[in-house]
Amino acid sequence: MSAAPRIDLHTHSTASDGTLSPAELVRAAAESGLDVVAITDHDTTAGWAPALEALPAGLSLVRGAELSCRWYGEEPALPLHLLAYLFDPEAPELVAELARVRAAREERGERIVALLRADGIDVSWPEILTGAGGGTVGRPHIAQALIRAGLVATTTEAFGPDWLGERYRLPKEDIDVFRAVRLVRAAGGVPVFAHPRATRRGRIAPDELIADLAAVGLAGLEADHEDHSPAERAHVRALADELGLVVTGSSDFHGTHKTVRLGAFTTDPGAYERIVAEARGVTEVASG
Ligand code: AMP
Ligand code: FE
Ligand code: FE
Ligand code: ZN
């Protein structure tokens, strides 16, 4: 009998704020002993084709994305991340929402840089955009500029309260989370709430919201994630049980922008199979 497959359902490439290209990402996934990897860049499917093209033999690729969402049920609105798997990358409404969010991210990045510059901090927006290499731009790219300028030593420090974590933090124009769940399902995909209990990132979604999302089509919850404490993981598992949702685990690998390694957390084969079975087959799992 062969060992259970190792499945990592949340990773980033240079198509957003990871540091490995999509081709490097799938090669690294195979080298680290994974059997299944999902590419889930923020608000884009741009990494799908190059990842597919470079897919090593024996590795399965789940094409996905991590959608920047917001819940408007409290003030100020709560930012949330929704993983979406195996959806149609040409579904018009979803494509339009992703394009809108990416454009808004650029405007927001430029405004953050303007705030920094107004305080005499010498960072350049054109240089940051170049650094993002045409991928979805985010605060990690601005963090790199702060590091290059010698203003902070690490990405973690750049996300501290004196910098991008608070003082120079601006909200993004995200997708209403209920609309996002519906659009992903309408596009044949499977929506899973990313790191839903990560209190170390800030405010979190109340359980009632998760129940309401489950009622409109949310398929699963990411429980095993580095930003969850053991108690938070247990809470997510219990909630998923109660609501009949799938439980996933994943690294949320970002290359050198974070310390976590590929496969640091994984998803049970049974949960993975449920996700694949719920997908409507527009985008298939690709096998290398
Ligand atoms: P943005 O999407 O522009 O709001 O930036 C959020 C992204 O920054 C997340 O997807 C993570 O990749 C990264 N990030 C957030 N907090 C931290 C942190 N404390 N250290 C390193 N990276 C972080
Ligand atoms: Fe990220
Ligand atoms: Fe996330
Ligand atoms: Zn992520």
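Remember, it's a predicted structure, so these values are computed and weren't measured experimentally.

A. Highlighting the coordination of the zinc ion (ligand 4). Of the protein atoms, only His 10 (NE2), His 12 (NE2), Glu 66 (OE) and Asp 252 (OD) coordinate the zinc ion (ligand 4), at distances of 2.0 to 2.2 Å. Mapped onto the polypeptide sequence, the residues donating to the zinc ion (ligand 4) form the spacing pattern H-x1-H-x53-E-x185-D. A gap of 4.5 Å separates the zinc ion (ligand 4) and the iron ion (ligand 2). Taken as a pair, His 12 in the loop between β1 (7–8) and α1 (22–31) and Glu 66 in strand β3 (residues 60–71) lie far apart in primary sequence, 54 residues in all. On the basis of relative accessible area, His 12 is assigned to the buried category, the value being 0%.

B. Layout of the pattern of salt bridges. Per the counting criterion, the structure on display carries 16 salt bridges. For the salt bridge of Asp 174 with Arg 70, the shortest nitrogen-to-oxygen distance reads 2.9 Å. On the criterion of sequence distance, the pair formed by Asp 174 in the loop between α6 (155–158) and β5 (175–176) and Arg 70 in strand β3 is long-range, its members being 104 residues apart. Among the ionic pairs, Asp 227 bridges to Arg 201, the shortest N-O distance being 2.5 Å. With Asp 227 in the loop between β7 (220–224) and α9 (230–243) and Arg 201 in the loop between β6 (190–193) and α8 (207–215), this residue pair connects regions lying 26 residues apart in the sequence. By relative accessible area, which is 11% here, Asp 227 ends up buried. Linked by salt bridges that have partners in common, Glu 93, Glu 97, Arg 100 and Arg 179 make up one network.

C. Expanded view of the layout of surface pockets. Considering only enclosed or pocket space, the largest pocket measures out at about 1,400 Å³ in volume. Every residue lining the largest pocket is counted, 47 residues in all, and those nearest its centre are His 81, Arg 139, Phe 159, Arg 169 and Arg 201. Broken down by secondary-structure element, the contributors of at least two residues to the lining of the largest pocket are β3, β4 (78–85), α3 (92–118), α5 (139–148) and α6. Residue contributions to the lining of the largest pocket peak at four residues, all from β4. Residues belonging to the lining of the largest pocket are distributed by class as follows: 16 nonpolar, 16 polar and 15 charged.

D. Structural view of the nonpolar core. The biggest cluster of nonpolar side chains holds 51 residues, and the ones touching the most others in it are Leu 67, Leu 80 and Leu 221. In terms of residue count, helix α7 (residues 177–186) provides more of this core than any other element does, six residues in total. Those residues in contact with Leu 80 that lie beyond four places of it in its chain are Leu 67, Ser 68, Cys 69, Arg 70, Trp 71, Val 177, Phe 193, Ala 205 and Leu 209. Formed by 19 residues, the second largest nonpolar core is a distinct cluster that contains Val 113, Val 123, Val 137 and Ala 158.

E. Quick look at the site of ligand 1. Near ligand 1, the surroundings consist of Asp 17, His 42, Arg 105, Arg 108, Gly 138, Arg 139, Pro 140, Thr 155, Phe 159, Lys 172, His 254 and Lys 258. In the model, an oxygen atom of ligand 1 is placed 3.1 Å from a nitrogen or oxygen of the Arg 105 side chain. A distance of 2.7 Å is found between an oxygen atom of ligand 1 and a side-chain nitrogen or oxygen belonging to His 254. Taking 500 Å² as the accessible area of ligand 1 by itself, protein coverage stands at 83%. Here ligand 1 occupies the largest pocket.

How each quantity is defined
- Residues numbered from 1 in each chain as written.
- Chains lettered and ligands numbered in written order.
- Predicted model: local features only at pLDDT ≥ 70, side-chain atom pairs only at ≥ 80, totals over all residues.
- Heavy atoms only, no water.
- Donors = N, O, S within 2.8 Å, 3.2 Å for Na, K, Ca; no water.
- Helix = DSSP H or I, 4+ residues; strand = E, 2+ residues; numbered from the N terminus.
- Buried < 20%, exposed > 50% of the residue type's maximum accessible area, 1.4 Å probe, protein only.
- Salt bridge = Lys/Arg side-chain N within 4 Å of Asp/Glu carboxyl O.
- 1 Å grid on protein atoms, 1.4 Å probe; cavity = no way out; pocket = protein on both sides within 12 Å on 5 of 7 lines; lining within 4 Å.
- Points joined across faces, edges and corners; volume = space filled by probe spheres on them.
- Nonpolar A, V, L, I, M, F, W, Y, C, P; charged D, E, K, R; others polar.
- Core = buried A, V, L, I, M, F, W, Y, C linked by side-chain atoms within 4.5 Å.
- Contact = heavy atoms within 4.5 Å.
- Near = heavy atom within 4 Å.
- Polar contact = N/O pair within 3.5 Å; in protein donor to acceptor, adjacent residues only side chain to side chain.
- Areas by Shrake-Rupley, 256 points an atom, 1.4 Å probe, with all protein chains shown as cover.
- Sits in = over half its atoms within 2 Å of the grid points.

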